[in-house]
Amino acid sequence: MSAKNGGGADKQQRYLEITRQIVDLVGGQDNIVASTHCATRLRIVLKDYEKIDREKLEEVDLVKGQFIAGNQLQIIFGAGLVNEIYEVFSQYTGTAGSSMADVKAEAAKKMNPLQAVIKSLSDVFVDIMPGILAAALLSGLTGVLSQWEVVESNATLFAINKLVSLASNGIFSILPLAVCYSACKRYGGKPILGLVMGAIMLDGSLANAYDAAKGLVDVQTISLFGFDIELVGFQGGIIIALMMGFVIAKLDIFFDKKIPDVVKLLFSPMCSVLISTVLLFTVVGPVGRLLSNGITNGLVWMTQNLGVLGYMVFAGVQQIIVITGLHHIFGAIEAQLLSDTGRNFLNPLMSVALMGQGGAVLGYLALNFKNNKVKELCIPSFISTLFGISEPAIFGVNLRYKFPLVAGCIGGAAAGAYAFFTDLAALGFGTTAVPGLAICDPANGGYINYIIAHLIALGVGLALTIVFGKAAAKKRA
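This one's a predicted model, so the numbers in the text were calculated from it and none came from an experiment.

## Description of the overall build of the chain
1) Next: What the chain contains, in helices and strands, is 19 helices and six strands.
2) Next: Looking at the chain residue by residue over its 477 residues, the buried ones come to 47%.
3) Next: As displayed, the chain has an accessible area near 22500 Å², and 64% of this comes from carbon and sulfur atoms.

## Considering the packing of aromatic side chains
Two aromatic rings are characterised by how far apart their centres lie and by the angle between their planes.
1) Next: Per the stated rule, a full pass over the model turns up eight aromatic pairs.
2) Next: Judged by centre distance (5.1 Å) and plane angle (80 degrees), the rings of Y187 and F246 are edge-to-face. One end of the pair, Y187, is in the loop between α8 (175–186) and α9 (191–201); the other, F246, is in helix α11 (residues 238–258), and 59 residues separate them in sequence.
3) Next: Note on Y364 and F403: the rings are 6.2 Å apart at their centroids and 45 degrees apart in plane angle, and the pair reads as tilted. One end of the pair, Y364, is in helix α14 (residues 346–367); the other, F403, is in helix α17 (residues 403–421), and 39 residues separate them in sequence.
4) Next: An aromatic cluster is present here, built from Y311, F345, F420 and F421 joined pairwise through their rings.
5) Next: Residue placement shows K375 over the ring face of F369; its charged tip is 4.3 Å from the ring centre.

## A short note on the side chain of E334
1) Next: By the secondary structure assignment, E334 is in helix α13 (residues 330–341).
2) Next: One polar contact links E334 to N344, side chain to side chain, over a distance of 2.7 Å.
3) Next: Excluding residues that lie within four positions of it along the chain, E334 makes contacts with N344, L346, N347, M350 and F429.

## Some thoughts on the pairing of strand β6 (residues 227–230)
1) Next: With four bridges connecting them, strand β5 (residues 221–224) and β6 associate as antiparallel partners. Each bridged residue has a counterpart across the sheet, and for S223 the counterpart in β6 is D228.
2) Next: Adjacent in sequence and paired antiparallel, β5 and β6 are bridged by two residues, among which F225 carries a positive phi angle near 55 degrees.

## Here we look at the pattern of salt bridges
1) Next: In total, this model carries seven salt bridges according to the counting rule given.
2) Next: Residues E84 and K11 are paired through a salt bridge, measuring 3.9 Å at the closest nitrogen-oxygen approach. Highlighted residues: E84 in helix α3 (residues 81–93) and K11 in helix α1 (residues 2–25), separated in sequence by 73 residues.
3) Next: For E84, a relative accessible area of 32% gives the class partly exposed.
4) Next: Classification of K11 by relative accessible area gives partly exposed; the value is 38%.
5) Next: Between K264 and D261 there is a salt bridge, with the nearest N and O atoms lying 2.8 Å from each other. Placement of the pair is K264 and D261 together in helix α12 (residues 261–324), with a separation of three residues, close to one helical turn.
6) Next: Residue classification places D261 among the exposed positions, given a relative accessible area of 65%.

## Describing α9
1) Next: Considered for burial, the residues of α9 that qualify are L193, G194, M197, G198, I200 and M201. The buried residues of α9 occupy an angular sector of 155 degrees when the element is viewed end-on, so they sit on one face.

## Looking at the nonpolar core
1) Next: Among the nonpolar cores identified, the biggest contains 41 residues, and F125, L175, V179, M244, L280 and F281 are the most heavily contacted of them.
2) Next: When contributions to this core are tallied by element, the ones reaching two or more residues are α5 (113–145), α8, α9, α11, α12 and α13.
3) Next: In terms of residue count, the dominant contributor to this core is α11 (eleven residues).
4) Next: Every residue in contact with M244, bar those within four places of it in the chain, is listed here: C180, M197, S276, L280 and V284.
5) Next: If you look at the next biggest cluster of nonpolar residues, it comprises 32 residues, including L346, L354, A419 and L424.

## Looking at the side chain of N449
1) Next: Position of N449 relative to the elements: it lies in helix α19 (residues 446–476).
2) Next: Note on N449: relative accessible area 11%, which makes it buried.
3) Next: Among the polar contacts made by the side chain of N449, one reaches the main-chain carbonyl oxygen of N444 at a distance of 3.0 Å.
4) Next: Apart from residues lying up to four places away in sequence, N449 is in contact with Y418, T422, L424 and N444.

## Examining the environment of L437
1) Next: Along the chain, L437 falls in the loop between α18 (433–436) and α19.
2) Next: Each residue touching L437, except ones within four places of it in the same chain, is listed here: Y447, Y450 and I451.

## Describing unusual backbone geometry
1) Next: Even without being glycine, A433 reaches a positive phi, approximately 55 degrees.
2) Next: With respect to the secondary-structure elements, A433 resides in helix α18.
3) Next: Positive phi outside glycine occurs at N444, with the angle close to 60 degrees.
4) Next: Relative to the assigned elements, N444 resides in the loop between α18 and α19.
5) Next: Overall, N444 belongs to the exposed group, its relative accessible area being 57%.

## Focus: the confidence of the model for the chain
1) Next: Scored by pLDDT, the chain has a mean of 84; 87% of the residues are at 70 or more.
2) Next: Within the model, the stretch residues 1–6 combines pLDDT values under 50 with zero contacts to residues more than four positions away or in other chains.

The rules we used
- Sequence order as written defines residue numbering, which begins from 1 separately in each chain.
- Local features in this predicted model are restricted to residues of pLDDT 70 or higher, and side-chain atom pairs are both shown and tallied only at a pLDDT of 80 or more, whereas totals for entire chains, interfaces and linings draw on every residue.
- Note that water and hydrogens are dropped before the side-chain values are worked out from all heavy atoms of the structure.
- In this description a helix means any DSSP run of H or I spanning at least four residues, a strand means any run of E spanning at least two, and both kinds are numbered starting from the N terminus.
- For each residue, the accessible area found with a 1.4 Å probe, counting protein chains only, is set against the maximum for its type, and the residue is called buried under 20%, exposed over 50%, and partly exposed in between.
- The protein chains shown are the only cover counted for residues, whose accessible areas, like all others here, come from Shrake-Rupley with a 1.4 Å probe.
- Stacked, edge-to-face and tilted are the three classes for Phe, Tyr and Trp ring pairs, Trp counted by its six-membered ring, which pair at centre distances within 6.5 Å; planes under 30 degrees apart are stacked, over 60 edge-to-face, the rest tilted.
- Lysine NZ or arginine CZ positioned within 6 Å of the ring centre and within 35 degrees of the ring normal marks a charge as sitting over the ring.
- Throughout this description, a polar contact denotes any pair of N or O atoms lying within 3.5 Å of each other; where both atoms belong to protein, one of them has to be capable of donating a hydrogen while the other can accept it, and for residues adjacent in sequence the pair is counted only when both atoms sit in side chains.
- Working rule for contacts: check all heavy atoms of both residues, and any pair within 4.5 Å makes them a contact.
- What makes two strands pair is DSSP finding at least two bridges between them.
- Counted as salt bridges are all cases of a side-chain nitrogen of Lys or Arg within 4 Å of a carboxyl oxygen of Asp or Glu.
- What the arc describes is the spread of directions from the helix axis to the C-beta atoms.
- Side-chain atoms within 4.5 Å are what join buried Ala, Val, Leu, Ile, Met, Phe, Trp, Tyr and Cys residues into a set we call a nonpolar core.
- The score called pLDDT rates the predictor's confidence residue by residue, from a low of 0 to a high of 100.

Now the structure itself:
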């Protein structure tokens, strides 16, 4: 028993020493605002990130890498170990009890306006992502089942497939409503008002937007102060829903402050909904349609006119965009693309771009296989890429040594070319790499092509990292 206790004491002492070193290397106790941890990483919010000694931080015992993302210093320790170290770190620094939400809130205060906008757009999709992923997975399942003759000939299997198909269409038929609700909630309004505005966008008395675009229905026009307004619904209007969620949230906050408490419950929601409805049909709707059409048409134009080059460029630079943090905006674009075309060709391109970085990590590992520190850093970083998380690979390895990042980008571009020639696409968004296989469009051998594309990205990224690494070593010699 005493030996066991002694071992525990030694471990605690080791973690305490690691904690002291980290505190010193991030600028001292006074520079630490908050801390928490995820499955593998210690996350710290700092007042001044310029005070970090990142080179020495890499040399701290048990540290497998570090990077800054989301205005947080994230130190990789690995599953299980990070929990034990955080317990000591949080007690030592006085940050015990900080939740992930607290840390994110503190980190958000340090974002510039552009970062804050992009982060808020990403947050809108967090609440509705489970529904989108469920629908995408079910779409893939019904797509496979529909291709089997036995499903058509067997009554029970046909019924199951029909129910799966109905389940898969649910979220997409009300996606603008869901987005408007989540946006209103995110920007500080009463969520129910977001639901109301979303319902107005999809009201059955309005001409269906898809039918109106095809000329299948007569669109009613009304005149408001001499301006003609077409009463067309906003099916597929994801960008418009985002904008309206923001508008009604800000109006709700405004009227809650200005209207006296005695009549606030009556007039604040009424004013918010009425003014938002007018703005929807006069300003936000038309502007949002132009913006949505511009984004979708631009992406479709790229694939139709730039062909394989457009795919290669996007897959080649997408992980560079991850470094800037601008990649969070792709969720809204993917949702709009799905609503307009029914297919999402961006998802597999982002996925192979990520896998190229995973291949580069393996290449760097191959070059330094005898180095235990490199193993501890590269292996968990690569495993993260398999589940759609590239930040540990990018910030922990590839960006740090530069040539693996370049090799990974080329790997992504090569796989992007394959995605073009095989017409690879997804039926949803929000997940990539191995989990992304579940939302792959099965048409034209989609599953096999998805796997091949990822193997190309991984193989090219790995091989070029070794080539570039050996070339760099020769130059140094």
